[in-house]
Amino acid sequence: MRKLGRGVLGFLGGFLVASAIALGLCVAAAYAFNITRAEGAYAMGVAFFWMPLGGVIGGIVGAVWAVSGA
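These numbers were taken from a predicted model, which means no experiment stands behind them. (Residues numbered from 1 in each chain as written. Predicted model: local features only at pLDDT ≥ 70, side-chain atom pairs only at ≥ 80, totals over all residues. Heavy atoms only, no water.)

Asker: Help me understand the packing of aromatic side chains in this model?
Answerer: By convention here, two paired aromatic rings are described through the distance between centres and the angle between planes. Tallied over the entire structure, the rule returns 2 aromatic pairs. Pairing phenylalanine 49 with tryptophan 50 gives two aromatic rings, centres 4.8 Å apart and planes at 85°, and the pair type is edge-to-face. Note on phenylalanine 49: relative accessible area 45%, which makes it partly exposed. Here tryptophan 50 falls in the partly exposed class, since its relative accessible area comes to 46%. (Phe/Tyr/Trp six-rings, centres within 6.5 Å; stacked < 30°, edge-to-face > 60°. Buried < 20%, exposed > 50% of the residue type's maximum accessible area, 1.4 Å probe, protein only.)

Put into structure tokens, the structure is as follows:
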């Protein structure tokens, strides 16, 4: 039961941290590479693809790390 709790907490922590990192990198990339932000298409790509993708990857890594006991 403890491993399940650690896995859930690791998943949530990893998801939140990776989503925040993905958001920061996407905003920085928009300014660094002069990506157009017309009509919100860029923001929708960030909000609905890159942040969830980073969150899932971070969640899996966080859950594995928490359960492994490292």
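Asker: Would you mind showing me how to read the environment of isoleucine 35 here?
Answerer: Along the polypeptide, isoleucine 35 turns up in the loop between helix H1 (2–32) and helix H2 (41–68). C-alpha of isoleucine 35 to C-alpha of glycine 10: the two residues are 25 residues apart in sequence and 34 Å apart in space. With near-sequence residues (within four places) excluded, isoleucine 35 lies in contact with Ala29, Ala30 and Tyr42. (Helix = DSSP H or I, 4+ residues; strand = E, 2+ residues; numbered from the N terminus. Contact = heavy atoms within 4.5 Å.)

Interpretation note: all reported values are geometric properties and have no functional meaning in isolation.
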